[in-house]
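These are the residues of each chain, in order.
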Amino acid sequence: MMDAAVSLLSDPGVQFYFLILGLAIYQCLKIHFVTNNYSNVKKGTFPSTAASMITPLLLSVLILSTTWYLILRFILRNLSTSTSYFDDAYKDVLRSTGHYFTSTQLLTWAIIAVVWMKTSEIGEGQGGASVESKGVVAFLTFGFLGAMGASFVIWVPLLYTAAKKNVRKSKRSAGSASIPLSFFLSSVIAFASILNLQPCTPSSSNEAVQVEQCTPEEGFGTFQMNFRYWLQCLHVILVAPIILSYLSHYLLPTIIMKAFKERVPRINSCVLFGMLAITFAAWHIYHMMFTDGAVYTMPITDCQLSITTDLVCCSCITLYAVFKDSDLSHHNKRRGSNDDCGLALRNMCFAAIIMPLISPAAVLSGHLCLVRLDESYGSFIAHLQREVANRRRGNDDAVKDVDTTSSADENNKRGKNNSNGESKRRKEMKKDSVSDTKHNNVKWCNLGLWTNNNDLLPSYNQACENLAEALGNIANLNSSDAALLCGCGSKDEVRYFKSKFDLRHATGIDPHLQKTSRSVEDVMGGDYNTRAICASVEDLWIPATNMGDDDSPLFPPHIFDKILALDNIYHYRCKLSFLRDCFRMLPCSTKGRNGEKYVAVSDVILRKDSKDTPLWVKLALRLMGIRSCNLWSADEYRDNLTSIGYDKEIYVKLIGKDVFIGWRAYHLPRWLSDHIDYGLVVAKKPPAVQNTPLKKKRIAIIGSGLAGLSSAHYLLTSNVSANIDVEIYEAGSSCGLAGNTTLIGNQLVDVPARMAAIGYYTEYQKLLNILDIPTTVVRTDSSFYGDDGHGSQVCYGYSQNSLVNIYNAVFVGGICKLWQLICSLRKLKYNHENDQRNAVTFGEWLQENLGVKIYSCNSTGASKEYDLPSLTCYSNPFAYIMAGALSWMLSCKWDDLLQYPADIVLPYCRDLRMDNLGAGRQGAVIRVVPSIKALERALLYGVSKLHLGTRVSNIESTKVINGVTYDAVIVATEAKGVPRVLAKCSDVFAKLKYHPSTIYIHTDETFMPKNKRDWKCWNVEMSSGRQEPQLTFWLNEFYPDCNFDTNVFQTWAPSHPPQKEKIIMRSDFERVVHAKDSRSYVADINNVQGKDGIYFAGSYCVYGMGLLEQALISGQNVSQLILNSLASPVSAPSPLKALVIGAGPSGLVTAKYLRESKDPSYDVTVVESSNRLGGSFVNKTYDNCRLVSSKYLTAFSDHRMPEETELCPDHPSAVQYVEYLQSYAERFGLRSLITVGCEVVSVKNVDTTCKRGDSDGYEVQFRNPDGKIIARRFDVVAVCSGLHNTAFLPKLFTPSSDFAEKFKGQILHSSQYKESSLFANKRVLILGCGETAMDLAHRAILNSQTESVALSVRRGFLSIPHNLAEDRPLDVFITNLFEHAYEHPASRNSMQTLQS
């Protein structure tokens, strides 16, 4: 056996097989640890989900070792007779019909798994690279070469971990995601391959044909002659689309990839999963019904055991996926269901039952189809609505054209009598046409308000506009409002609302908005306080899934004054959840017309309550995309909105007649319109209990570069943004970030060119993703050329194609120099602040690691024979290219570059993956589309005022600018401009060095390489003798979609000015230059941050390259400092005065929670009329009184009664319960709040005219123990006097009744009973059979002196003991069947921890 193993491992094919498998496993583990944040483990903070991270690995090892132990044992046993290990192993598991049926269930499952992975890609990170495809390739390779179960037992938990981290993204992409059609074709071919893997069945009639078409028997059965072809085809075709997609990012230029990706045909993933589920289920059932012999055959051989084990594991993974998707169902959580786990278990059990009947593949595919069905159907309905709207809009245009061309002929035919009428009609149509032209860009898509005007219906666009205007009017939109428009459909609708009602700012959200390129008009014109975001209403407020987690709102709370949903709320997943989220997001209303906060919707409304609406109407509306849970009548609307907390005065205006009239001709059935109406609904959020809103903090930002704008953005998107006003001052006529952007032809050209390399600009890229800013990958092919100092020209190229770069690196640069560069970059440590080499300059690093000898370097510039280009152009081309790229990136001289700290420059090189020559997309460069102006507008959103052309100087510590006092000032200018802005500032800003540079936009081709074949998108001239490089962008290639008439260039640091007639524009700028002492300068700036409320933001404030990334990080840091300073206790409002009437159980709990409340806080007073706390358990009890309910149900969850029966029996006495209440009051410090013997006489509202919830307070009169009446004022009053404070006697037994006068005995209420001696020598009649009546009857019987006891009841009753056994309280068992009653110690401890 050992010799066979050695022989097997010496096979080169086997070695290559295990090498690929090992690499795939390594990549899978890498992705696993990155996704689970394994870095926390290395830092010593082991995550709470450690078990969920380690368990999949252990299971994978177990599955892999089990399956491969069996496979290797099979191979070693048949090593001498086997011609192909791979083929023979599959022949062994497919040798009979039964084994074929079992094995192909795993193969069909693999087909589904490939598509599943593609539609749920998980990668190492973000970026333009196909990192997700890289992860898919790794896991599929692991699955196909190792074991599918071992691979997916790691991948599936990662899928739900990633989805949990980014709930919004996973929901948005889960439903309507489409995949390339190639995956459908590969699935078809793979299934055809499986069909051709069937074994040849013996048949006497066709024995000759069988011998000719089937392989001979070699111990593993007989198969078709092309068995190997179909087997290899199965494995190759499944991963081919993914591998080709992955490799294309390395082999093809980005521009070609982008064009190809836009044109590839795609198919909806839900449709594909549905088709595969039906196909595999039908095929499986067909085999079960029509196959001769046993369908399921027990495994016998090692390979059969191995594949059966893998199949069982994959089946379990399928059930796990069903459970997780059901358990994490967003619909159930949004509806507040507490039965998510029960639903998940039921779905999993159902899947387990049907799995043997239709196969695991069909179950998984059907489940994935159902998961995506809801979103896919919603997308289909939305697409259908848009098509209907476009058709209706097109019909209106056609009617106008016909009316215009035929109006003269019609007038002649009808005669002069009708001329006035027709003229009037043409005027109306002309007026309507003008109105449509005004908003012809608005692609409205709603039912419209078809106001009837002399039997002339408006056009579709005008009707839609009428409905939007009606909704805005009923919501009282005005210029002081910030509005959220849900389901806006397009950016044009948001612009309409913004301009129509002059809103302060308007935000639209819609799940069908695409991250498409902004047009020039979008970014150059219009209002920057208008935006549209691709998001769903379910994203508005994601509730926390784990205890201790925070809720995740899409927007900061309370930044919107009005929330509108125009003709789309009936399509939401849950209308009630949306309205509840709106209630959370809206601030409380304040006094005044502009202080009211509304949610306003236009909706389909039932004429009757939903329970009285016919089922067929609900089904018809469901086909239209309206869920039954969203079908409400007007009364149900009012009830549901009131239950959420909205003001009771809810306005519902029914306008169904004017809405549906426009669709009568479009086949809206009358039988349906008779059951539904249409209405406008407005609900107001009531004012807060204490209507004293905090004063807004005013913050001024000086400068509008990226540092200043990002500071404003982070402040305005914080949780306290509703209490912040931000104003920006800019000395220039436009914002600094895109101030020099110019329009050339149809293209906005950024000056300087704004780019970001993926890998280094992590925060910048996160910001672009959050703001939904579109980007595109730019060409990075470059030429590094120039005079070598001896009259010869040097030119090195960097290509878009990684293979070309590798070829040039090996055969031009030299393999030794290449290896030297790779090793030098990869040995860098990640923590450069703790690196002892952080004082090393870049020049010293070049000399030490790349062997570049820097002979002279001084402040006046290196001599010509010793300058950096001449030193490296031949000796080390890699250093030559690196120096050129870094120098233009930093906009500095060669001498400055050599003096740059190495711990600034080298991390940039490492993050751009210069060590792999740009292979992969890690170092790809992106730009904002169409211009950085798009980012500028997005960052300006929410800014109160933008003061352009306003130069600010000499700001004192009082922070007064133009007569306005600010709470904080951010100086976001260049460092050298700080002394001009501030009256007094630290001298550190004057120490920072800047290097000036000039940029020209021109058409002078002399700035390009002499040989046009060397022209690239980026051209860096590095001629010997120059102090800095010259960079020229070929803008025709940089902007491939431009329509320039000639070649246009952008040149940085030109050696000479371009020809005057070829200059388009000139721009001057400066950039900070770092040196060895820069770290101390940054530390000094951080030390003065926040002094006198003045902060500093800019790339110079962060130790780094001084690029966009550092400017953005600076803005983040400064905004966080300001937010921390604003969160001071001084701004907290004074506590509200609260009165709790009654010190019984409910009063004590109320007092406890009011006292613990932080927002708002309360000053609590408790009054009790009796002489001790306890309420009815003190005043209304009798001898030997015990509680009817057990201590498990009676005790509070945060203060349990003792478990020991010696200390407290299962049913405590009234005395023991009062002692328990006293211990509760002592534990939570309530004793000092309680005043006993104090009776409340009256409670009056201070303002008797105000509505409920709007009160200014209550005046309460007390009677002290000494009988004096005193009055106090409270903001809140909680009445906790209980239900049994006043005795109730039927009229028959009242003292004034005839019966009472005639009755000679004693009539008592049960509350008057104190001891059983009352029954001595008496005949007792007890009326009623409640707990107290039964207890009194029992005690009367126990008194031997009682003559007789009778119990009178109106109807029969059921009497049961309070204990099922001696130590088993019955109420615990009964209650636990339906609700949570008994608190387990583990749950109790967690609750106590939460309360503490």
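Since we're looking at a predicted model, the values are computed, not measured.

Peer 1: Residue-level account of the nonpolar core, with values.
Peer 2: Counting 115 residues, the largest nonpolar core has Tyr764, Trp845, Trp888, Leu935, Trp1018, Phe1033 and Phe1038 as the members making the most contacts within it. Excluding its chain neighbours within four sequence positions, the residues that come into contact with Tyr764 are Leu706, Ala756, Val928, Ile932, Leu935, Leu1108, Glu1109 and Leu1112. Counting 88 residues, the second-largest nonpolar core is a separate cluster that includes Cys28, Ile154, Trp283 and Ile317.

Peer 1: Could you give an account of the sheet that holds strand 9 (residues 598-606), naming the residues involved and the relevant values?
Peer 2: A sheet is described by the order of its strands in space; here seven strands give the open sequence 5-4-3-8-9-11-10, paired in mixed fashion. Looking at which strands have only one partner, the edges of the open sheet turn out to be strand 5 (530-533) and strand 10 (651-654). Here the strands of the sheet are splayed against their neighbours by 20° on average, with no regard to which way each runs. Relative to strand 11 (residues 676-684), strand 9 runs antiparallel, the two sharing nine bridges. Of the residues in strand 11, the one forming a bridge with Tyr598 is Lys684. Contacting strand 3 (482-486), strand 4 (505-509), strand 5 and strand 8 (562-565), helix 21 (residues 491-501) crosses the sheet at an angle of about 150° to strand 5.

Peer 1: Outline helix 36 (residues 933-940), listing residues and values.
Peer 2: Counting buried positions along helix 36 yields eight of eight residues, so the element is predominantly enclosed. Restricting attention to buried positions, one finds in helix 36 the residues Lys933, Ala934, Leu935, Glu936, Arg937, Ala938, Leu939 and Leu940.

Peer 1: With reference to specific residues and values, describe the sheet that holds strand 34 (residues 1239-1245).
Peer 2: Taken together, the three strands give an open sheet; going across it, the order is 34-35-36, and neighbouring strands pair in antiparallel fashion. Every interior strand has two partners, whereas the edge strands, strand 34 and strand 36 (1269-1274), have only one. Here the strands of the sheet are splayed against their neighbours by 25° on average, with no regard to which way each runs. Strand direction decides the pairing type here: strand 35 (residues 1258-1263) and strand 36, joined by six bridges, are antiparallel. Looking at the pairing, Val1260 lines up with Arg1272 of strand 36.

Peer 1: Give me the packing of aromatic side chains: which residues, what numbers.
Peer 2: Counted by the stated rule, this structure contains 51 aromatic pairs. Centre to centre, the rings of Phe660 and Tyr678 are 6.4 Å apart; their planes meet at 80°, and the pair counts as edge-to-face. Placement of Phe660 in helix 26 (residues 656-660) and of Tyr678 in strand 11 is noted, with a sequence separation of 18 residues between them. A single burial state applies to Phe660 and to Tyr678, both of which are buried. Clustering of aromatic rings is evident, with ring pairs tying together Trp888, Trp1018, Phe1033, Phe1038, Tyr1039, Trp1052 and Phe1069. When the ring centre of Trp632 is taken as reference, the NZ or CZ atom of Lys575 above it lies at 4.5 Å. The side chain of Lys1152 reaches across the aromatic face of Tyr1153, ending 4.2 Å from its centre.

Peer 1: Could you give an account of the environment of Leu1336, naming the residues involved and the relevant values?
Peer 2: Tracing the backbone through its elements, the reader meets Leu1336 in helix 47 (residues 1331-1342). Residue classification places Leu1336 among the buried positions, given a relative accessible area of 8%. Sequence separation between Leu1336 and Ile1326 is ten residues, and the spatial gap between their C-alpha atoms is 8.0 Å. The contacts of Leu1336, once residues within four sequence positions are left out, are Tyr1182, Ser1310, Tyr1313, Phe1319 and Ile1326.

The rules behind these values
- Residues numbered from 1 in each chain as written.
- Predicted model: local features only at pLDDT ≥ 70, side-chain atom pairs only at ≥ 80, totals over all residues.
- Heavy atoms only, no water.
- Core = buried A, V, L, I, M, F, W, Y, C linked by side-chain atoms within 4.5 Å.
- Buried < 20%, exposed > 50% of the residue type's maximum accessible area, 1.4 Å probe, protein only.
- Contact = heavy atoms within 4.5 Å.
- Pairing = 2+ DSSP bridges.
- Helix = DSSP H or I, 4+ residues; strand = E, 2+ residues; numbered from the N terminus.
- Axes fitted to C-alpha atoms, helices over the stretch in contact; angles between N-to-C directions.
- Phe/Tyr/Trp six-rings, centres within 6.5 Å; stacked < 30°, edge-to-face > 60°.
- Lys NZ or Arg CZ within 6 Å of the ring centre and 35° of its normal.

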